[in-house]
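Coordinate inspection notes
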Amino acid sequence: MKFAKEMAFYSAYHQEKRNVWIHVLGVPTITFTLFLVLSRLELVNVFGYTVTAATVFGIVVLAYYFTLDFIFAAATTLVFGSLMFLAQYITLSLTATTAWSIFAVAQLVGWGAQFYGHFIFEKSRPALFDNLFQAVVSAPIFVIADVFFELGYRKDVQEAVRKELAAQGKLKNFSTAH
């Protein structure tokens, strides 16, 4: 299962529950603010709709997600597509200085919280040190999957990820930490 293999890399760095939940909040924050600044870069106007760098980035990334898993990609499209459209809408009413200020603060808070989760709870370095693509591009679909798993959905996929982690010798046990 392609999704389980891809997520196993991410999950090797995100197994402690508190760290996972920090990422469930931090990844959308980082992504939203990335969309916020990318929305300022207008590329072309098509039939009265301005195509921005955020639109192109969002479409390309979501297309990649659909090669991994249809259900998770559809859910990610709803969540992160909404964030992209909200960012583009908000961008119309913000000055460049305000947009860049929001971007800077939210990026610092989002990344800072995630580093904290890794070093304090996970006791390991973040995945971005080993694979920037996985950490930045793939993280949104993986946090959606983590929410599904926490809610008891897609247990077969969760088990496939767990088995992949075990096969790689990267499965951790944090049960004594709670």
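Residues numbered from 1 in each chain as written. Predicted model: local features only at pLDDT ≥ 70, side-chain atom pairs only at ≥ 80, totals over all residues. Heavy atoms only, no water.

Once that is clear, we can look at the packing of helix α2 (residues 17-38) against helix α5 (residues 96-122). Between α2 and α5, the shortest axis-to-axis distance is 9 Å and the interhelical angle comes to 160°. Accordingly, the angle class assigned to the pair α2 and α5 is roughly antiparallel. Judged by the twist between their axes, the crossing of α2 over α5 is left-handed. Within the contact of α2 with α5, the residues separate by chemical class into 14 nonpolar, 10 polar and 2 charged. (Axes fitted to C-alpha atoms, helices over the stretch in contact; angles between N-to-C directions. Helix = DSSP H or I, 4+ residues; strand = E, 2+ residues; numbered from the N terminus. Parallel < 35°, antiparallel > 145°, perpendicular 65-115°, else oblique. Left-handed = near helix turned anticlockwise from the far one by under 90°. Nonpolar A, V, L, I, M, F, W, Y, C, P; charged D, E, K, R; others polar.)

Turning our attention to the pairing of strand β1 (residues 42-46). Summarising the sheet, β1 and strand β2 (residues 49-52) pair through 4 bridges and their orientation is antiparallel. Looking at the pairing, V46 lines up with Y49 of β2. Hairpin connection, β1 to β2: the antiparallel pair is bridged by 2 residues, and F47 has positive phi, about 50°. (Pairing = 2+ DSSP bridges.)

Applying the stated criterion across every chain yields a total of 15 aromatic pairs. Pairing F3 with F142 gives two aromatic rings, centres 5.6 Å apart and planes at 65°, and the pair type is edge-to-face. Here F3 is found in helix α1 (residues 2-11), whereas its partner F142 is found in helix α6 (residues 132-150), with 139 residues between them in sequence. With respect to class, F3 is no different from F142; both count as buried. Here the aromatic rings of F35 and F57 are separated by 6.3 Å at their centres, their planes lie at 65°, and the arrangement is edge-to-face. A residue pair is termed long-range when its members are at least 10 positions apart, and F35 in helix α2 and F57 in helix α3 (residues 53-68) qualify at 22 residues. Each residue in the set F3, Y10, F72, F142, F148, F149 and Y153 is aromatic and connected to the rest through ring pairs, giving one cluster. Above the ring of F72, the side-chain terminus of R154 is found at 4.5 Å from the ring centroid. (Phe/Tyr/Trp six-rings, centres within 6.5 Å; stacked < 30°, edge-to-face > 60°. Buried < 20%, exposed > 50% of the residue type's maximum accessible area, 1.4 Å probe, protein only. Lys NZ or Arg CZ within 6 Å of the ring centre and 35° of its normal.)

Positive phi, close to 50°, is recorded for F47, a residue that is not glycine. Relative to the elements of secondary structure, F47 occurs in the loop between β1 and β2. On the accessibility criterion, F47 (89% relative accessible area) is exposed. With a phi close to 60°, K123 is a non-glycine residue in the positive phi region. Relative to the helices and strands, K123 is located in the loop between α5 and α6. With a relative accessible area of 65%, K123 lands in the exposed category.

With that settled, the discussion passes to α5. Taking 1.5 Å per residue, 27 residues should reach 39 Å; α5 reaches 37 Å between its end C-alpha atoms and fits that length. Each element contacted by the buried residues of α5 is listed here: α2. Where α5 terminates, the next one or two residues include K123, which has phi positive at roughly 60°. (Expected span 1.5 Å × (residues − 1). Contact = heavy atoms within 4.5 Å.)

What follows covers the environment of Q134. Looking at the secondary structure, you find Q134 in helix α6. Residues Q134 and T50, 84 residues apart in the sequence, show an inter-C-alpha distance of 29 Å.

In short, shape yes, function no, at least from these values alone.
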